[in-house]
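Residue-level structural notes
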Amino acid sequence: MTFLQFALNNVKRNTRVYLAYFLSSVFTIMVFFSFAVNLFHPVIVGKRGGAIEQILGQTEVAILVFSFFFVLISVNAFLKVRSKEFGILMILGMSNKQLRRLVFLENMVIGCLAIIVGITIGLVFSKLFLMLLSSILSYGSLSFYFPYKAILLTTGFFILIFLGISALTPLLIRASNIVTLLKGTKKANREIKFSIMQSMTAVLLLGTGYFMAVSPQLYDINPLLDKIALFIENLPYAEIFLTASVVIGTYLFFSQLSIFVLHRLKRNRSFYFYKTNMLWISDLNYRIRDNTRMLFLVTIFSTVAFTAITGVYALYSVVKDEALKENPFALTYTSYSGNENEQQHIKTIDEMLESHGFHYEKYQSKVIKQVSKDSQVIHVIKQSDYNKRASALGLERVVLDKGQALLVPVYVRFDPKRDKTLSQKNIALDNGEINLEVVGVAPKVIFYSGLFRNLVVVNDETFNKITDIQEKYHSYSYDIPDWLNTIEVTEKLRDELGVGEYGQYFWSTRIEGYQIENQNKKLFLYVGFFLGAIFFLGASSFLYFRLYTDLNEEKRKYIGLSKLGLSFNEMKKVASIQIAVLFFVPYILASIHTYFAINVLQTVLYSSVFNQFLTVIGVFLILNIIYYVYVRSRYISYLKQFMVQ
Amino acid sequence: MEILKLNHITKVYGDKVPHSALKDINLGIEQGEFVGVMGPSGSGKTTLLNVISTIDPPTSGEVLINGENPYQLDRAKLALFRRRKLGFVFQDFNLIDTLTIGENIVLPLTLDGQKVSFMDKKLKEVAARLNIEDILTKRTYEVSGGQAQRTAIARAIIHSPLLLLADEPTGNLDSKAAKDVMELFESINRDTGVTTVMVTHDPLSASYCHRVIFIKDGRFFNEIHRGNSRQKFYQKIIDVLSLLGGEADDLSSIRFK
Ligand SMILES: Nc1ncnc2c1ncn2[C@@H]1O[C@H](COP(=O)(O)OP(=O)(O)OP(=O)(O)O)[C@@H](O)[C@H]1O
Ligand SMILES: [Mg+2]
C-alpha cells in the first residue's frame, strides 16, 4: 500500500463520514453553477449593467462567500470526527507534512468529484432553471447554450476554495498534542457552569431585539409606548443593533439559559428521578454544553433560510394586492391647465381602450394647487368630485358644510402621527381668507400613491370661491376591470403620448408598475429560494456531523447502560428526546426569530404576510420532521446492535 | 547497553491545581530486556509510558532512547524517530477502521515510503509469526479482540523497532486471548531481541516479563526480577501488589494457570 493508495482507501471506505461532506459540497457547487449558467447567458449578458444582472451577480457572490465558510465548517466538523484516527497515525510516526498531504489529497479527491458531479447535475437542470428564469423575466425563452464560462468559473472558484481549505487544515488539527487527539472527541465531563447574570442577559437581549422588531406596531396603545417606539425608530443603526442583540441573545440562550432551565428541572426531584427523565436531562446538559456552537449556528442559519424564503415569498404574493392599493385606478391622466392637447389625449385613450375591447369607467376631477405664504403646498378637490371617486372605490360619500374640510392621504401607508399634514385641525385657504375646520381623514388614496400631497376636500360652493389658484389640474382616472391585460394597450399609448411633458401632462398606469414589481419579486423569489435552501442545507448537515461525531461516545454509554438493564424501548425514548432537542429547539427558536424579522418587513408592506409566514414555517417543519425521523431511525438501529438483549 | 534511560523524570499536570503524576523517576533498560510496569490505578503508569513514547514531554528530567533525547528533535525528526525506532500496542487496539487488517499492519512502512515489494515480504513474515495470515483482507470490525490485538502487535513490529511499548495490551481480552498475546510478546522479545516495555494490571501477564517495576503515586516503589521460575515470579508479583495496597488485594485470589 503506497501513501496515495492509503489516502484513496480512506475516502473510498469511509463513505458514511465523507458522504455528508461530499453531498453538501455537491449541492453548493450545483447551486453556484446554476446561477453562473443564468448569469452568463448571452441574453442576460447582452443587457449588461441591468438590475437583473446585478441581482444575479450579487447572489452569486453571496453564494461564493457562503460556500467558502460552509465548506470550511464542514471540513472542520469532518476533521474533528477523525481526531482519533489522526492521533493513531501521528503516534505511528506520521509527520505533519504527511498529515497535511493526506488531508489535502482527501480534500482534493472529494472536491474534484464534487465539482464534477455538481456541474453535471447542474447541467442536467440548467435547462429547467433557464426556463424558470425566462418565464420570470418574460424574455421569451432563454435558449440552452453550452455554458463553458460557467463551467470554468465554477471549477476555478471551487478548486481555489478546496485549495484554500486544505491550506487552512493544519490550523484546524492542532497536531502537536497526540495525547488529546488519541482521546478523540470525548471530553472530560467537567462540571457544568452557568451564570444567572448571563442567563438574564440572554432573556434581556432577545426581548430587546423582539421588542424593537414589533415597536412600529405598538403605536396608539399607550403614550409612553409611543415615545419608546419613536425613539427606536429614530435610533441610528437600529437594524444592526437589533440583529446583534438577537444573535448574541441566541448564543447566550444556548450557552447559559438552556443550562439554567435544565438545572431548574433537575432541582424538581420528583420530576428528575421519574423513570428515564434523569438520563436525558443529565445527558442533555452535557450535550447542549458541547454543542452550544453547533446549536447556535444551526439556529442562525435556519433563521436566515426561513426569513429569506418567507420574505421573498411574502413580497411575491402581495405584489398584486400592493399594486391595487398603490394605484386604486388602472390609468390616471393628469393635465396642467396650459395643456392644449388635453381633449385630444383623452380621446386617444378612450378610443384606444375601446378599440381593444376594454370596458372602462372614467372619473374626472379638478384639483386646485395653492401655495400659502409659508410656502406650504395645498391641493383642493371639491366634494362632488371626491364623492364620484369615493363611490368608484367603495368609500363612503361625504357631505361637508361650507366651513368644513376632509383630508385625503397621499400615501397608501399613512400615519397621522408621522404625516403632519394629516393631523391638521384647521385649514386656511386663499391666505387666510377661507378658514376651514377639519372633520376627518379619508380612509384611502383616491388618485394614486404619491400624487397630490396635502389634498383637501371642500364643499363645492367653497371650491368655486377660491381665488388664489397656482395651478388647476384636470385629472382623469380610468377604472378598467380587465386591467391585467392592458400591457399591449399601454405600450401603444406610450408610443402615442410618451411619458408626459413637464408643465403639460403626465400619466401612469397600474399595469406597468405591477409588471416591474412582479418581475422583480419573482426574481427575488427565485434567488431567495436558492439562498434559503443552501442555508437550510448547511444547518442540516451541521446537525448530521454532530450526531455522527457523538455516535461512538453514545455507543459506549448505551452498551454500559444496557448491561445495567436499560431496555431497548427506554433507550429509544431517551435517544429520541435527545435528538429531537437538537433538531427542534433550533427550529422553534429560528421560527420565533423569523416571526419577528417578518414583522420588520411588515412595516413596509400594505398587506399582512402572516399566512405566508405560516406556510413557509410549516413546510420547513415537515422537512425537519422527515429528516428527524430518518436520522433517528438510523441512529437507533445503529445503537440497537450493541444493546444486550 | 542501555537502550532506554530515564533521568529524574517528573511530570506535572494542570496549571491552577498542579498535580504531580510522576515524581523523580529514574530507570535504565538494557537492550533486549522485557520490562513490566505495574501500580494501582492513577499511579502514573500511562503517563510514564507516554513520556517514553515521545508523545508527552516530561516537565523536567531527561529521556534517552539509544543515547538520544527525542524531545530535543524538531517535529519532523521526531515523527521520523517514532516511525523508525518505536512500536506501540494499546489496550483498545487503535486500528484504523478504513483499512484492512493487512493494510493496518503495513502502515508504518507506508508512512516511511518503502517499496511495495518490501512491504509484502515483511507483511508475510509478521503475519506468519502472529498467525493472522487468513484475516489480512478482512476489515477491523470483522475480527475478534484477540485477532485485533495481534494485528496491532504485527503493526508495532513490522518495521523492527528498537523499543516496543505496550499499554495494557491484554486489558480488553479474555484470559485465553491474553495468554496468546503474552506468549507472542515473549517469543517476539526472545527471537528478535526487541526491547519491550509493557504496562499492565494483570499479574499473570506481568509474569512473562524479565523484570517488573512498581510505581505508586508517581514514585518508584519497587522492582523484582524473574529468575528461573515463572510461577515463583507470579507469586512475588502478587506479594508486592498486596504491599502496594489498593486493588491488589482482590487479585491475589486469581489462580496461576
Ligand atoms: N492529561 C491529564 N491532565 C491532568 N491530569 C492527568 C492527565 N493524565 C493523567 N492525569 C493524572 O495523572 C495521574 C496518573 O494518571 P495515569 O493515566 O498515568 O494513571 P495510570 O497509572 O495509567 O492509571 P490506570 O491504571 O487507571 O490506567 C492520575 O491522577 C491522573 O488523574
Ligand atoms: Mg493507564
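Before going into details, it helps to say that this report is about the structure given with it. The shown structure was predicted, so the numbers you read here are calculated from the model rather than taken from an experiment. (Residues numbered from 1 in each chain as written. Chains lettered and ligands numbered in written order. Predicted model: local features only at pLDDT ≥ 70, side-chain atom pairs only at ≥ 80, totals over all residues. Heavy atoms only, no water.)

**Here we look at the packing of aromatic side chains**
Our working rule: Under the pairing criterion, centres of Phe, Tyr and Trp rings, with the six-membered ring standing for Trp, must be within 6.5 Å; the plane angle then separates stacked pairs below 30 degrees from edge-to-face pairs above 60, leaving the rest tilted. By the criteria applied, helices consist of DSSP H or I runs no shorter than four residues and strands consist of E runs no shorter than two, each listed in order from the N terminus. Exposed residues in this analysis have more than 50% of their type's maximum accessible area, buried residues have under 20%, and partly exposed residues fall in between, with area computed by a 1.4 Å probe over protein chains only. The rule is short: NZ of Lys or CZ of Arg within 6 Å of the ring centre and within 35 degrees of the ring normal puts a charge over the ring.
Taken as a whole, this structure holds 31 aromatic pairs over all chains when the rule is applied. Both rings, one in Tyr210(A) and one in Phe596(A), keep their centres 4.0 Å apart while their planes meet at 10°; by these two values the pair is stacked. Of this pair, Tyr210(A) sits in helix α9 (residues 196-214) while Phe596(A) sits in helix α21 (residues 568-602), and the two are 386 residues apart along the sequence. Among the residues examined, Phe596(A) registers a relative accessible area of 18% and is labelled buried. Ring geometry for Phe306(A) against Phe536(A): centres 6.3 Å apart, planes inclined by 35°, an arrangement best described as tilted. Taken together, the residues Phe306(A) in helix α14 (residues 292-317) and Phe536(A) in helix α20 (residues 510-563) connect sequence positions 230 residues apart. Neither Phe306(A) nor Phe536(A) differs from the other in exposure class; each is buried. One residue, Lys640(A), lies across the ring of Phe568(A), its end atom 5.0 Å from the ring centre. A cation over an aromatic ring shows up here: Arg230(B) above the ring of Tyr208(B), its NZ or CZ 3.9 Å from the ring centre.

**Some remarks on the site of ligand 1**
Rules: Here a residue counts as near a molecule or strand whenever at least one of its heavy atoms sits within 4 Å of it. The definition of a polar contact used here is a pair of N or O atoms within 3.5 Å, where within protein one atom must be able to donate a hydrogen and the other to accept one, and adjacent residues in sequence count solely through side-chain atom pairs. Computed with a 1.4 Å probe, the accessible areas rest on the Shrake-Rupley method; for each residue, only the protein chains presented here act as cover. Asp, Glu, Lys and Arg are counted as charged, while Ala, Val, Leu, Ile, Met, Phe, Trp, Tyr, Cys and Pro are counted as nonpolar; the rest, among them Gly, fall into the polar class.
Close to ligand 1 lie 14 residues; Ser41(B), Gly42(B), Lys45(B), Thr46(B) and Thr47(B) are nearest. Nearby residues place ligand 1 at the junction of chains A and B. At a separation of 2.5 Å, an oxygen atom of ligand 1 approaches a polar side-chain atom of Ser41(B). Between ligand 1 and the protein, one listed contact pairs an oxygen atom with a side-chain N or O atom of Thr46(B) at 2.6 Å. Expressed as a share of its isolated accessible area of 630 Å², the protein-covered part of ligand 1 is 63%. If you list the elements that add at least two residues to the shell around ligand 1, you get β2 (19-30) and α1 (45-52) of chain B. Element by element, the count of residues in the shell around ligand 1 is highest for α1(B), at three residues. Across the shell around ligand 1, the residue classes break down as three nonpolar, eight polar and three charged.

**So, the nonpolar core**
The following threshold applies: Put simply, a nonpolar core is a bunch of buried Ala, Val, Leu, Ile, Met, Phe, Trp, Tyr and Cys residues held in one set by side-chain atoms that sit within 4.5 Å of each other. Per the annotation, domain bounds derive from an automatic or database assignment of domains. Throughout, a residue-residue contact means that at least one pair of heavy atoms, one from each residue, lies within 4.5 Å.
Ranked by size, the top nonpolar core spans 228 residues in total, and within it Leu4(B) and Leu163(B) carry the most contacts. Looking at this core, the element that brings in the most residues is α20(A), giving 17 residues. No fewer than three residues from each of domain 1 (1-185) and domain 2 (200-266) of chain A sit in this core. The contact partners of Leu4(B), leaving out residues within four places of it in the chain, are Leu27(B), Gly28(B), Ile29(B), Ile52(B), Val63(B), Leu64(B), Ile65(B), Leu163(B) and Val197(B). Judged by nonpolar contacts, the second largest core, of 22 residues, contains Val398(A), Leu406(A), Ala442(A) and Ile446(A).

**Observations concerning the interface of chain B and chain A**
The condition that has to hold: As used here, buried area is the combined drop in accessible area, with a 1.4 Å probe, of two parts when they are placed together. In the sections that follow, a salt bridge refers to a side-chain nitrogen of Lys or Arg positioned within 4 Å of a carboxyl oxygen of Asp or Glu.
With 25 residues of chain B at the interface, the matching set in chain A holds 24 residues. With both chains or domains summed, chain B and chain A bury close to 2,300 Å², and 64% of this area falls on carbon and sulfur atoms. Summed over the three residues of chain B that lose the most area to chain A, namely Ile55(B), Thr98(B) and Leu111(B), the buried surface amounts to 25% of that side. Where chain B packs against chain A, one counts two salt bridges. The partner of Asp92(B) in a salt bridge is Lys84(A), with the nearest N and O atoms 3.4 Å apart. Joining chain B to chain A, the criterion identifies eleven residue pairs in polar contact (both at pLDDT 80 or more).

**A word on the pattern of salt bridges**
Overall, the coordinates contain 16 salt bridges over all chains when judged by the stated rule. For the salt bridge of Arg13(A) with Glu103(B), the shortest nitrogen-to-oxygen distance reads 2.7 Å. With Arg13(A) in helix α1 (residues 3-13) and Glu103(B) in helix α3 (residues 101-111), this pair bridges two chains. Classification of Glu103(B) by relative accessible area gives buried; the value is 15%.

Treat this as a map of the structure, not an account of what it does.
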